[in-house]
Amino acid sequence: MMTSKVVKYVGRTTDFKGKTLWEIVGSLKGYGVGRIIVRHVFQRYPEPSFMKITKVETCPDEERRRVRVWVEKTFRGRRLPGLTEIYRTSYKTDYQLIPKDEEEKFMKSIAVHDFPDVILPNKIEMPPLMKKFIVKDHEKKGLEIIQDFVLPIKYSYSPNRVKRVAVGDEKPTVEFTMGLGKPVSPSLYEGVQLEDEICR
Amino acid sequence: MISHKFVLNRACPILIQCAQAHRKPRWFPVAKSKIYRIPKRPQLSEEERLEILRITNNYKTQMRAVRKFYTDDMVKEKSTLESATSEMSQRLEAEEWQRCEELNEKWNKQIATEREERRKKELSEMEDFALARMEAIDREKRERVEKASEQIKREKELSETFISREKLEEAIDYALANPVDYNYAIDLKGNMHTGRDTPIQYENKERVQVSSN
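Residues numbered from 1 in each chain as written. Chains lettered and ligands numbered in written order. Predicted model: local features only at pLDDT ≥ 70, side-chain atom pairs only at ≥ 80, totals over all residues. Heavy atoms only, no water.

Engineer: What am I meant to see in the overall build of chain A here?
Structural biologist: Regarding its fold elements, chain A presents four helices and ten strands. Counting the 200 residues in chain A, one finds 32% classified as buried. Relative to all contacts within chain A whose residues are 6 or more apart in sequence, the contacts with residues 24 or more apart total 62%. On chain A, roughly 14200 Å² of surface is accessible, and the fraction owed to carbon and sulfur atoms is 54%. (Helix = DSSP H or I, 4+ residues; strand = E, 2+ residues; numbered from the N terminus. Buried < 20%, exposed > 50% of the residue type's maximum accessible area, 1.4 Å probe, protein only. Contact = heavy atoms within 4.5 Å. Areas by Shrake-Rupley, 256 points an atom, 1.4 Å probe, with all protein chains shown as cover.)

Engineer: Quick question: what am I supposed to make of the UniProt feature "coiled-coil region" (unreviewed entry) in chain B here?
Structural biologist: Per the UniProt annotation, the sites labelled "coiled-coil region" (unreviewed entry) are residues 131–158 of chain B. The span residues 131–158 of chain B is 100% helical and 0% strand by assignment, and the distance between its end C-alpha atoms comes to 40 Å. (UniProt positions renumbered as here; feature names shortened; annotations may be inferred.)

Engineer: Is there a simple way to explain a negative patch on the surface in this structure?
Structural biologist: A grouping of Glu 140, Glu 143, Glu 146 and Glu 150 of chain B is seen on the molecular surface, where their side chains present a negatively charged patch. In this structure, Glu 150 of chain B sits in helix H3 (residues 87–159). (Patch = residues over 30% accessible without salt bridge, like charges linked within 9 Å, V, L, I, M, F, W, Y side chains within 5 Å. Salt bridge = Lys/Arg side-chain N within 4 Å of Asp/Glu carboxyl O. Lys, Arg positive; Asp, Glu negative; His and termini not counted. Charge placed at Lys NZ, Arg CZ, Asp CG, Glu CD.)

Engineer: Looking at this structure, I do not really get unusual backbone geometry. What am I missing?
Structural biologist: Leaving glycine out, the prevailing phi sign among residues is negative, and the prevailing peptide bond configuration is trans. Residues and elements named next belong to chain A. Backbone geometry at Tyr 31 places phi at a positive 55 degrees, although glycine is not the residue there. Locating Tyr 31 in the fold gives a position in the loop between helix H1 (21–25) and strand S1 (36–39). The backbone phi angle of Arg 76 is positive, close to 50 degrees, even though this residue is not glycine. Turning to its location among the elements, Arg 76 is positioned in the loop between strand S3 (68–75) and strand S4 (78–79). Of the residues examined, Arg 76 reaches a relative accessible area of 18% and is grouped as buried.

Engineer: Can you help me understand the interface of chain B and chain A in this one?
Structural biologist: Contacts between the two partners involve 19 residues from chain B, matched on the other side by 32 residues from chain A. The three residues of chain B that bury the most area against chain A are Arg 41, Arg 54 and Phe 69 of chain B, which together make up 24% of that side's buried surface. Between the two partners, chain B and chain A, sit two salt bridges. In this structure, Lys 141 of chain A engages Glu 77 of chain B in a salt bridge whose closest nitrogen and oxygen atoms are separated by 3.7 Å. Grouping the constituent residues of the side of chain B that touches chain A by class yields eight nonpolar, three polar and eight charged. (Buried area = accessible area lost by both parts, 1.4 Å probe. Nonpolar A, V, L, I, M, F, W, Y, C, P; charged D, E, K, R; others polar.)

Engineer: Explain the environment of Lys 73 of chain A here, please?
Structural biologist: Residues and elements named next belong to chain A. Relative to the assigned elements, Lys 73 resides in strand S3. Taking the relative accessible area as the measure of exposure, Lys 73 reaches 19% and is therefore buried. Linking Lys 73 and Ser 49, residues 24 residues apart in sequence, is a C-alpha distance of 7.7 Å. The residues touching Lys 73, leaving out its near neighbours within four places in the chain, are Phe 50, Met 51, Arg 78, Arg 79, Leu 80 and Thr 84.

Engineer: Would you mind going over helix H3 (residues 128–141) of chain A with me for this structure?
Structural biologist: Structurally, the α-helix is built with 3.6 residues per turn, so residues lying three or four positions apart point the same way. Under the 1.5 Å per step criterion, the end-to-end length of H3 of chain A is 20 Å for 14 residues, consistent within 8% with the ideal 20 Å. Turning to H3 of chain A, its buried residues number three or more, namely Met 130, Ile 134, Asp 137 and His 138 of chain A. On an axial view of H3 of chain A, the arc spanned by its buried residues comes to 95 degrees, and they lie on one face. In H3 of chain A, the exposed positions angled more than 90 degrees off the buried face are occupied by Leu 129, Lys 132, Lys 136, Glu 139 and Lys 140 of chain A. Of the surrounding elements, those touching the buried residues of H3 of chain A are strand S9 (150–152) of chain A together with helix H2 (46–82) of chain B. Once H3 of chain A finishes, Gly 142 of chain A follows within two positions and takes phi at roughly 80 degrees, a positive value. (Expected span 1.5 Å × (residues − 1). Arc of directions from axis to C-beta.)

Engineer: Where do I start with the packing of aromatic side chains in this structure?
Structural biologist: Each aromatic ring pair is described using two quantities: the centre-to-centre distance and the angle formed by the ring planes. Under the criterion given, the structure shown has five aromatic pairs over all chains. Ring geometry for Trp 22 of chain A against Tyr 31 of chain A: centres 5.9 Å apart, planes inclined by 40 degrees, an arrangement best described as tilted. With relative accessibility at 28%, the residue Trp 22 of chain A sits in the partly exposed group. Centre to centre, the rings of Phe 69 of chain B and Tyr 70 of chain B are 5.3 Å apart; their planes meet at 85 degrees, and the pair counts as edge-to-face. (Phe/Tyr/Trp six-rings, centres within 6.5 Å; stacked < 30°, edge-to-face > 60°.)

Engineer: In this structure, what is going on with the pattern of salt bridges? I would like to understand it.
Structural biologist: When charged atoms on two side chains of opposite charge get close, those side chains can pair. All names here are of chain A. Taken as a whole, this structure holds 18 salt bridges over all chains when the rule is applied. We note a salt bridge from Arg 79 to Glu 72, for which the minimum N-O separation is 4.0 Å. Its relative accessible area of 43% is what places Arg 79 among the partly exposed residues. Owing to a relative accessible area of 27%, Glu 72 belongs among the partly exposed residues under this scheme.

Engineer: Help me understand the pairing of S3 of chain A, please; the structure alone is not making it clear to me.
Structural biologist: Residues in a regular strand project their side chains so that they alternate between the two faces of the sheet. All names here are of chain A. With six of eight residues buried, S3 is to be regarded as a mostly interior element. Bridge count between strand S2 (residues 50–57) and S3: seven bridges; the pairing is antiparallel. Bridge pairing in S3 links Val 56 to Val 69. Both S3 and strand S5 (residues 84–86) contribute to a ladder of three bridges, which runs antiparallel. Counterpart to Trp 70 in the pairing with S5 is Glu 85. Between S3 and the antiparallel strand that follows it, S4, lie two residues; Arg 76 among them carries a positive phi value of about 50 degrees. (Pairing = 2+ DSSP bridges.)

So this is what it looks like as structure tokens:
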């Protein structure tokens with residue numbers, strides 16, 4: 001293999017930066033059990049996200065880019081219970097090994113990613129056309145006509161979720177509307193009357 | 001469907017109006033002029049990125065809510081349709097059953113009367129048929145008896161000319177006395193020329209001499 005310092009990238013750019021998990025783990029003593037690895041894309045969060053390898057299983061020759069690894073996962077400063085298996089994503093060239101002298105820093109900088117005062121709403125107002133449609137539809141079907149035009153919100157499950165969803169009539173701290181909502185970057189909407197665009 | 005290549009290779013492709021989008025079909029390979037082109041990655045400012053993220057998340061939440069509403073609606077409708085446990089539906093079902101039974105009774109009676117009539121008709125038809133058949137058999141028997149008796153009569157008449165044991169000698173004598181020669185010829189007028197030993201007279205004799213037997 002030719003060794004040259006200059007790396008020239010060809011093709012499309014990528015967000016990934018690093019090696020596949022097997023490239024890291026396969027060259028370490030004892031398959032790197034006890035070492036700390038990180039996914040580069042998760043370093044975009046202010047809280048630390050890292051994984052500590054606890055167990056490694058190699059894969060047959062047909063899956064030479066993959067490896068089966070069990071890790072203690074810490075995502076955004078919060079330690080997930082139990083072990084997490086990495087197999088399906090182990091081929092991604094996005095894993096980085098943390099040197100042993102920097103491990104201490106990682107472990108200490110656990111600022112827990114927690115939003116105890118944020119309650120997500122469990123209801124949302126209907127879109128304006130749907131309101132009219134549903135009245136007619138229920139009249140046609142002979143059902144009772146809806147008085148409060150609200151829809152229940154469904155949240156997808158994720159082990160990383162920390163924000164609580166409101167239970168019952170609990171008052172949420174954030175509000176989702178069917179309109180445009182409150183822009184994060186008002187500078188993008190200069191000269192635009194936002195009140196007209198929000199459907200009420 | 002006409003292939004895209006065929007359309008392109010035609011002599012005058014303008015004549016064909018394609019309702020499709022004017023682009024390469026999905027299964028065509030990358031064009032030669034585009035093969036090493038690397039599209040530039042869109043550069044978003046941080047403000048724009050955050051705003052787009054917020055809008056997208058908002059939209060997804062809204063759509064999930066609408067979808068969930070209609071999914072729940074469908075599930076509820078289906079379950080109410082499937083489960084006939086409610087009192088209302090049970091009562092309705094009982095009424096329906098009662099009505100069905102009454103209707104069934106009515107139909108059964110109607111069909112029973114029709115069946116009786118049909119059976120009577122069928123029975124009379126069968127009787128008629130049987131009688132006709134018996135008569136036909138009788139007639140046939142009678143005819144056969146008549147035919148047989150007629151034949152017997154005829155045979156009896158014929159049997160008078162039969163040669164019996166007593167008449168045998170006489171018959172032999174008669175046969176010897178009158179030999180018959182069947183070797184004769186017939187001319188166009190139907191005259192019989194008998195005998196192989198009869199001399200043929202070709203002269204203008206009109207009458208052919210009959211050989212004396």
